[in-house]
Every structure is written in structure tokens, then in C-alpha cells.
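Overview (structure and organization)
Listed here are the chains, written in short residue letters.
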Amino acid sequence: MRRKLAAGNWKMNGTAANLAGLSALTEAHGNASADLLICPPATLLSRAADAAPTIPLGGQDCHANTAGAHTGDLSAAMLKDAGASAVILGHSERRTDHGEQDAAVRAKADAALDAGLTAVICIGETLEQREAGDTLKVAGNQLSGSTPDGATGANTVVAYEPVWAIGTGKVPTLDQIAEVHNFLRAELVARFGAVTGNAIRLLYGGSVKPGNAAEIFAVSNVDGALVGGASLKVADFSPIIAALEQA
Ligand code: PGA
């Protein structure tokens, strides 16, 4: 069975002062039946590892190359060296702000896997694409284009995040989430076979809050959540993790 995963994406938020909350999460969810992953800004990775050694950490992006003349970028190996065991790739904010396309995301995911990091690959449609009836087509294309051939349940997680639900307080209906997640599961099984296709975890992301987490976690093929805004405060993230532990 797939282990549940609650992943927090701090985005470009947080300084050392925010690390205090990590020990509270460890205390509340130390022996959790769900996995936890915190993705702070890369500047905080090593200090987060010191502050909460038992909480798995992730980066929010990496370069596709292992080293070289790429000012401002970080390699997957650097993230690992700083304490990360995973990296978010292809988040819609990267796709929008930095023009990242599926092929680039896949190259980064390959680099992450080579470095021994778990790739958390994000996909999701815009509102325009949903209203045009293209949600499954877009999600399917992004899934196949962004996911490396070497993906397994151990090294890859897919996060379905409708762009219009991120940071907006808008959430798809449970039926809409189920439709996409069931479709993505079938696509993974078709490409990777039943064992691997059923082992890769599918997270939902986009305005997950304490008030809607339990119902979202009850949806078929939802193996957890990628949480942005609500992961910044322990008082919000902790009940989301608790809802997942009980799912
Ligand atoms: P949100 O962000 O929870 O603030 O909507 C989710 C994400 O971007 O991963």
C-alpha cells in the first residue's frame, strides 16, 4: 500500500525564525502513520536539518546539470548535501515565472533521481484549460512529458495542482479531484506497469486547509497533499497532517 504523504511547500517564505515550528511538528507527528516532507527555501535547508533532524526535507527546484556556470541555480546534489531528500519540480509557479516546460521538468527530475532525491513532480491545468474541457488532456500530457522513465514509487511523487486552486481558496469538487486522480493512476499504470504505476503516490495540491483536508483525503487515489500557505503555520498544517493520519 502507498504511504500517505503530507508535503509543505514554503515557497519564497521563511527565515530562521520560522524553524521553531518544526520541532512542534516533530512532537505532534513523530510516530505518524503518514510521511511528512517540508520544503523550505534552500537557504534554510541545512538549518532545518539541524533544527528537526527527523523531518524529511525537500528543495523547491533544481538545475538539470550537476555543476557548472549557472549563476543562482542549485544542483540536486547540492540540495542533498544541504539535507534534502526530495525536491519539488515543475511547480506551476516555476512553469509560469520561469517558463519551465515539461521537457525541462523531466530533465530536472532525471537529475534529482541521479542524485538520489525523490522528485515531487507538479502538474495541473489552468482555469482556461478546465473551462475548455481540456483538463485530462493537459494533465496527461504534463504527466507523460515531465515524468522520467526511471520513476518508481520510491523515487517519484506526482502532485496534481490545478493552477486556479493554488493560493486562491478555490478547490475543485471532490468528483473533479477523483476524476483527475483516477485518470492519472490509470496513466501511470499504463506506462509503468501495475506494480510501479500503483506505487507512485499522487498528491492533491491547491488551497488544502484544515477545514477541507479530511474530505479531500477520502477521495480515491489521493495519497496526501502538497500544501502551500497552510504549511507555514503549525496551527494550520498540524490538523491537515492529523486528518491524513486518520484517512
Ligand atoms: P496553496 O499552494 O496550498 O497555498 O494553495 C499549494 C502549492 O502551490 O503547492
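The coordinates are above.
What this report covers is the structure whose coordinates are included nearby. (Residues numbered from 1 in each chain as written. Predicted model: local features only at pLDDT ≥ 70, side-chain atom pairs only at ≥ 80, totals over all residues. Heavy atoms only, no water.)

Quick word on helix H1 (residues 20-29)
How we decide: To sort residues, take the accessible area from a 1.4 Å probe on protein chains only and compare it with the maximum for the residue type: under 20% means buried, over 50% means exposed, and anything in between is partly exposed. Helical segments are the DSSP runs of H or I of at least four residues, strand segments are the runs of E of at least two, and each set is numbered from the N terminus. The arc under discussion is defined with respect to the helix axis, by the directions toward the C-beta atoms. In this analysis, two residues are considered to be in contact whenever any of their non-hydrogen atoms come within 4.5 Å of each other.
Among all positions in H1, only Gly21, Leu22, Leu25 and His29 are buried. With its buried residues spanning 105 degrees around the axis, H1 presents them on a single face. Facing away from the buried side of H1, by more than 90 degrees, are the exposed residues Ala20 and Glu27. Elements in contact with the buried residues of H1: strand S2 (34-39), helix H2 (45-51) and helix H10 (234-246).

Concerning the site of the ligand
Quick note on the threshold: For this purpose, a residue is taken to be near a molecule or strand whenever a single non-hydrogen atom of the residue falls within 4 Å of it. Under the rule applied, a polar contact is a pair of N or O atoms within 3.5 Å (in protein, one hydrogen donor and one hydrogen acceptor; residues adjacent in sequence only if both atoms are side-chain atoms). For accessible areas, the Shrake-Rupley method is used with a probe of radius 1.4 Å. Any residue's cover is judged against the shown protein chains and nothing else. Only Asp, Glu, Lys and Arg are considered charged, only Ala, Val, Leu, Ile, Met, Phe, Trp, Tyr, Cys and Pro nonpolar, and every remaining residue, Gly among them, polar.
The environment of the ligand is formed by 13 residues, the closest being Lys11, His91, Glu161, Gly167 and Ser207. Side-chain polar atom of glutamate 161 to an oxygen atom of the ligand: 2.6 Å apart, as the coordinates give it. Within the backbone of serine 207, a nitrogen or oxygen atom sits 2.7 Å from an oxygen atom of the ligand. Protein chains bury 97% of the 280 Å² of accessible surface belonging to the ligand in isolation. When its residues are assigned to classes, the shell around the ligand shows 4 nonpolar, 7 polar and 2 charged.

Digging into helix H5 (residues 102-115)
Short version of the rule: Multiplying 1.5 Å by the residue count of a helix minus one yields the expected span of that helix.
Taking 1.5 Å per residue as the helical rise, H5 with its 14 residues ought to reach 20 Å, and the 20 Å between its terminal C-alpha atoms agrees with that figure. Residues of H5 that are buried sit in contact with helix H3 (76-81), strand S4 (84-89), helix H4 (92-97), strand S5 (118-123), helix H7 (135-146) and strand S6 (156-160). Positive backbone phi, at 90 degrees, marks glycine 116, one or two positions downstream of H5.

A closer look at unusual backbone geometry
Positive phi values are uncommon outside glycine, yet lysine 11 reaches one of about 55 degrees. On the secondary structure map, lysine 11 appears in the loop between strand S1 (4-9) and H1. In this structure, serine 207 takes a positive phi of about 60 degrees despite not being glycine. Examined against the element boundaries, serine 207 turns out to sit in the loop between strand S7 (201-205) and helix H9 (213-217). Overall, serine 207 belongs to the buried group, its relative accessible area being 8%.

A few points about the side chain of arginine 95
With respect to the helices and strands, arginine 95 occurs in helix H4. Non-local contacts of arginine 95, meaning those with residues more than four positions away in its chain, are made with Gly90, Glu100, Gln101, Asp102, Val105, Cys122, Ile123, Gln142 and Ser146.

Considering the packing of H7 against helix H8 (residues 174-199)
So the rule is basically this: Convention adopted: a line fitted to C-alpha atoms gives each axis, helices being fitted over their contacting stretch, and angles between N-to-C directions are expressed from 0 to 180 degrees. Orientation labels follow simple angle bins: below 35 degrees gives roughly parallel, above 145 gives roughly antiparallel, 65 to 115 gives roughly perpendicular, and whatever is left gives oblique. Take the far helix as the reference: if the near one is turned anticlockwise from it by less than a right angle, the crossing is left-handed, and if turned clockwise, right-handed.
For the pair H7 and H8, the least separation of the axes is 10 Å and the interaxial angle reads 40 degrees. Judged by the angle between their axes, H7 and H8 are oblique. Note that H7 runs across H8; the crossing there is right-handed. Of the residues in H8, those in contact with Thr135, Leu136, Ala139, Gly140, Leu143 and Ser144 of H7 are Glu179, Val180, Phe183, Leu184, Glu187, Leu188 and Arg191.

A closer look at the pairing of S2
Rule in force here: Any two strands between which DSSP finds at least two bridges are classified as paired.
Of all 6 residues in S2, 5 are buried; the element is thus mostly enclosed. Direction of pairing for S1 relative to S2: parallel, over a ladder of 6 bridges. The partner of alanine 6 across the bridge, within S2, is leucine 36.

Thoughts on the environment of alanine 6
Positionally, alanine 6 belongs in strand S1. Residue class for alanine 6 comes out buried when judged on its relative accessible area of 2%. Taking the C-alpha atoms as reference points, alanine 6 and glutamine 246, separated by 240 residues in sequence, lie 12 Å from one another.

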